[in-house]
Amino acid sequence: MTPPPAQGRALSTHEPSSDVRPCVVCGAQSALSSVRTAVVHSNVKPFASETFSVWQCEACSSIHARDEVDLDHYYAQYPFHGQSMNLPTRLAFRNKLKGLVALGLSREHRVLDYGCGSGLFVQYLVEQGYVHARGYDAYASSGPYAEPPGTGYHFVHSQDVIEHVADPRAFLSTLTQLVVPGALLVIGTPDAGLIDLRAPQPFVHMLHQPYHRHILSNAALVTLAQSMDLTVHDVQHGFPGNSRFPGLNGRFLMRMLKAHGDTLDDTLQGKVPWKWELFTPAAIWDALTGSRRDPGYDMTVALRVGAAK
């Protein structure tokens, strides 16, 4: 018999006397007994047997982790830190760079990849002639990406970072201190407003427990940015790694992850499962056309900081 999933490794087993929680994004108070909640398993293989609870703010639709956990324990085996450069990664980066160029990025600009992980996108930018590209990651223990990022950037790219932090407002404030007037902050993150906690399993990778602490909705992120005098320059929905190359799109990626037990580790290491469910007519259709039928669960929001000189 398969044992039941274990509860995630909480910092404390003490439950608060009240089930009322504040939304760190909009400030609204929510009673957990009256809002949408869900229990989901981790999508990282060493912790796939553990479950975590999340809840959704009624006021702004942002989704929050219910419990504090020992994040150092979970990040110690984080699969993104071991990701390596390969052809699919390069094609995804090419599409991402194309989007940044459309926003105005040039090779003369200083660009920072904030939350760069192993630094692969920084390496790709430098290869493409963006010699002023730099990276920073708070979980890098050593090396160039552990060093303070400095200031004076024209672009800050931050993919799938804001949902990891304890305070999204403080995070955006930190980014604004790193740039010149008129710079762009390009924030990539799941849109919590499109995640249905009534049926959470299809969204396990957007929820990404226990790493995602506060997932903002589109409306919440826009409102938060405007309250900080940031101008919303552009909003796009869709998986940032979409490519017309067969199989390199968000829809087909979800099928690959499901074939790996809905965990990220093997796919990030370039292991493609040869399983029948990836060769059904529906799967082949997704492989060929998925980039044109993206459900839009991911969003990329470009924010202008102040006015250009």
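Here the structure is a predicted model, which means the values were calculated and not measured. (Residues numbered from 1 in each chain as written. Predicted model: local features only at pLDDT ≥ 70, side-chain atom pairs only at ≥ 80, totals over all residues. Heavy atoms only, no water.)

(A) Highlighting the overall build of the chain. From N to C terminus, the chain includes 9 helices and 13 strands. Compactness check: the chain gives a C-alpha radius of gyration of 19 Å against a globular reference of 19 Å for 309 residues, within 12% of the reference. Considered along the principal axes of its C-alpha atoms, the chain spans approximately 60 × 50 × 40 Å. Taken across its 309 residues, the chain has 49% of its residues classed as buried. When contacts within the chain are restricted to residue pairs at least 6 apart in sequence, long-range pairs at least 24 apart make up 72% of them. If you sum the accessible surface of the chain, you get close to 14900 Å²; carbon and sulfur atoms cover 55% of it. Both charge centroids of the chain, one from 25 positive and one from 27 negative side chains, sit 8 Å from each other. (Helix = DSSP H or I, 4+ residues; strand = E, 2+ residues; numbered from the N terminus. Rg over C-alpha atoms; globule rule 2.2 N^0.38 Å. Buried < 20%, exposed > 50% of the residue type's maximum accessible area, 1.4 Å probe, protein only. Contact = heavy atoms within 4.5 Å. Areas by Shrake-Rupley, 256 points an atom, 1.4 Å probe, with all protein chains shown as cover. Lys, Arg positive; Asp, Glu negative; His and termini not counted. Charge placed at Lys NZ, Arg CZ, Asp CG, Glu CD.)

(B) Spotlight on the layout of surface pockets. The computed volume of the second largest pocket comes to approximately 730 Å³. Along the wall of the second largest pocket there are 27 residues; nearest its centre are Asn95, Lys96, Gly99, Phe239 and Pro240. For the lining of the second largest pocket, the elements supplying multiple residues, two or more each, are helix 2 (87-102), strand 9 (153-159), strand 10 (179-190) and strand 12 (230-237). A per-element tally of the lining of the second largest pocket places helix 2 first, with 8 residues. (1 Å grid on protein atoms, 1.4 Å probe; cavity = no way out; pocket = protein on both sides within 12 Å on 5 of 7 lines; lining within 4 Å. Points joined across faces, edges and corners; volume = space filled by probe spheres on them.)

(C) Broad picture of the nonpolar core. Formed by 34 residues in total, the largest nonpolar core has its most connected members in Phe171, Leu172, Leu185 and Ile187. At the level of secondary structure, the elements contributing two or more residues to this core comprise strand 7 (111-114), strand 9, helix 4 (168-176), strand 10, helix 6 (218-227) and strand 13 (298-305). The residues contacting Ile187, other than those within four sequence positions of it, are Ser158, Ile162, Phe171, Leu172, Leu175, Leu221, Met299, Thr300, Val301 and Leu303. In this structure, Leu100, Val111, Phe121 and Phe155 belong to the second largest nonpolar core, which totals 19 residues. (Core = buried A, V, L, I, M, F, W, Y, C linked by side-chain atoms within 4.5 Å.)

(D) Structural detail: the pairing of strand 9. For strand 9, a buried count of 6 out of 7 residues is recorded, marking the element as mostly surrounded by other parts of the structure. Taken together, the 3 bridges between strand 7 and strand 9 define a ladder with parallel strand orientation. Of the residues in strand 9, the one forming a bridge with Val111 is Phe155. With 6 bridges connecting them, strand 9 and strand 10 associate as parallel partners. (Pairing = 2+ DSSP bridges.)

(E) Geometry of the packing of aromatic side chains. Counted under the stated rule, the structure contains 14 aromatic pairs. Seen from their ring centres, Phe47 and Tyr74 are 4.7 Å apart, and the 75° between their planes marks the pair as edge-to-face. Highlighted residues: Phe47 in the loop between strand 4 (37-41) and strand 5 (50-56) and Tyr74 in helix 1 (residues 71-75), separated in sequence by 27 residues. For the pair Trp274 and Phe279, a centre-to-centre distance of 5.8 Å together with 10° between the ring planes defines the contact as stacked. The rings of Phe47, Phe52, Tyr74, Tyr75, Tyr78, Phe80, Tyr139 and Tyr211 are connected pair by pair, giving a single aromatic cluster. When the ring centre of Phe121 is taken as reference, the NZ or CZ atom of Lys96 above it lies at 5.0 Å. The ring centre of Tyr153 lies 4.3 Å from the NZ or CZ of Arg110, which sits over that ring. (Phe/Tyr/Trp six-rings, centres within 6.5 Å; stacked < 30°, edge-to-face > 60°. Lys NZ or Arg CZ within 6 Å of the ring centre and 35° of its normal.)

(F) Region of the structure containing the sheet that holds strand 10. Overall, mixed pairing links the 6 strands, which are arranged 8-7-9-10-13-12 in an open sheet. Of all the strands in the sheet, the pair left with one neighbour each is strand 8 (133-136) and strand 12. Between one strand axis and the next, the sheet turns by 20° as a mean value, whatever way the strands run. Lying on the sheet, helix 3 (residues 120-127) is in contact with strand 7, strand 8 and strand 9; it crosses strand 8 at an angle near 175°. (Axes fitted to C-alpha atoms, helices over the stretch in contact; angles between N-to-C directions.)

(G) Molecular detail of the side chain of His164. Within the fold, His164 resides in the loop between strand 9 and helix 4. Of note is the side chain of His164, whose polar atom sits 3.4 Å from the side chain of His212. Setting aside its immediate chain neighbours within four residues, His164 contacts Tyr75, Tyr78, His208, Tyr211, His212 and Arg213. (Polar contact = N/O pair within 3.5 Å; in protein donor to acceptor, adjacent residues only side chain to side chain.)

(H) Structural detail: the packing of helix 2 against helix 3. The interhelical angle for the contact between helix 2 and helix 3, taken along N-to-C directions, is 70°, at an axis separation of 10 Å. What the angle tells us is that helix 2 and helix 3 run roughly perpendicular. Where helix 2 crosses over helix 3, the handedness of that crossing is right-handed. Two secondary-structure elements touch here, helix 2 through Thr89, Arg90, Phe93, Arg94, Lys96, Leu97 and Leu100 and helix 3 through Leu120, Phe121, Tyr124, Leu125 and Glu127. A per-class count over the contact of helix 2 with helix 3 returns 7 nonpolar, 1 polar and 4 charged. (Parallel < 35°, antiparallel > 145°, perpendicular 65-115°, else oblique. Left-handed = near helix turned anticlockwise from the far one by under 90°. Nonpolar A, V, L, I, M, F, W, Y, C, P; charged D, E, K, R; others polar.)

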